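# Coordinate analysis (summary)
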Amino acid sequence: MSDSIDPVAALGRLRGTIDNIDAALIFMLAERFRATKQVGVLKAEHGMPPSDPAREEHQIARLRRLAEEADLDPEFAEKWFNFVVAEVIRHHEAAANGEH
Ligand SMILES: C=C(O[C@@H]1C=C(C(=O)O)C=C[C@H]1O)C(=O)O
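So, a few notes on the structure that sits alongside this text. (Residues numbered from 1 in each chain as written. Predicted model: local features only at pLDDT ≥ 70, side-chain atom pairs only at ≥ 80, totals over all residues. Heavy atoms only, no water.)

In this section: the overall build of the protein chain. The secondary structure content of the protein chain amounts to three helices and zero strands. In the protein chain, the succession of helices and strands from N to C terminus is α-α-α. A compact globule built from 100 residues should have a C-alpha radius of gyration of about 13 Å, whereas the protein chain, at 19 Å, is more than 25% larger. Overall size of the protein chain, expressed as C-alpha extent along the three principal axes, is 65 × 30 × 15 Å. Here the protein chain has roughly 7900 Å² of accessible surface; of this, 60% comes from carbon and sulfur atoms. Across the protein chain, 12 positive and 18 negative side-chain charges occur, with their mean positions spaced 3 Å apart. (Helix = DSSP H or I, 4+ residues; strand = E, 2+ residues; numbered from the N terminus. Rg over C-alpha atoms; globule rule 2.2 N^0.38 Å. Areas by Shrake-Rupley, 256 points an atom, 1.4 Å probe, with all protein chains shown as cover. Lys, Arg positive; Asp, Glu negative; His and termini not counted. Charge placed at Lys NZ, Arg CZ, Asp CG, Glu CD.)

Attention now moves to the layout of surface pockets. Here the largest pocket defines a volume of roughly 400 Å³. Looking at the largest pocket, the residues that line it are Leu25, Met28, Leu29, Arg32, Leu63, Leu66, Ala67, Leu72, Phe76, Ala77 and Trp80. Of the residues in the lining of the largest pocket, the class split is 10 nonpolar, no polar and one charged. Taken as a whole, the second largest pocket spans an internal volume of roughly 270 Å³. Contributing to the lining of the second largest pocket are 14 residues, with Lys43, Arg55, Gln59, Val88 and His92 lying nearest its centre. Secondary structure elements with two or more residues in the lining of the second largest pocket: helix H1 (7-45), helix H2 (53-69) and helix H3 (74-96). Class assignment of the residues belonging to the lining of the second largest pocket gives a composition of five nonpolar, four polar and five charged. (1 Å grid on protein atoms, 1.4 Å probe; cavity = no way out; pocket = protein on both sides within 12 Å on 5 of 7 lines; lining within 4 Å. Points joined across faces, edges and corners; volume = space filled by probe spheres on them. Nonpolar A, V, L, I, M, F, W, Y, C, P; charged D, E, K, R; others polar.)

Quick look at H2 now. Taking 1.5 Å of rise per residue, the 17 residues of H2 would be expected to cover 24 Å, and the 24 Å separating its terminal C-alpha atoms lies within 8% of that figure. Within H2, the full set of buried residues consists of Glu56, Gln59, Ile60 and Ala67. Down the axis of H2, the buried set is contained in an arc of 105 degrees. They therefore lie on one face. Of the residues in H2, the exposed ones pointing more than 90 degrees away from the buried face are Glu57, His58, Arg65, Glu68 and Glu69. Asp71 sits one or two residues past H2 and shows a positive phi near 60 degrees. (Expected span 1.5 Å × (residues − 1). Buried < 20%, exposed > 50% of the residue type's maximum accessible area, 1.4 Å probe, protein only. Arc of directions from axis to C-beta.)

Next comes the structure, spelled out in structure tokens:
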């Protein structure tokens, strides 16, 4: 019966799950940036442009498909991707300017 649920305990359990997911996201983002920073160095060393719009277009299409499958708003998935890529490009430009 829902009356027998302790709402404070339920909130605590859900927040524990949220905190674990937030921690996993931070670790995954750190790994992603570790990889993209290496891409930035590679591009800087070989005179390649920081951004690759064709690659990004493919990634966005793929992420939107995955988001739909996962019942996540594809618009949000695209916004998240563009937010992360903007930071990646900033790193790549810094690497190209010898700031790494
Ligand atoms: C990491 C790269 O550089 C940029 C950043 C991307 C990303 O963060 O996924 C994708 C394409 C590029 O605009 C790459 O070219 O693979």
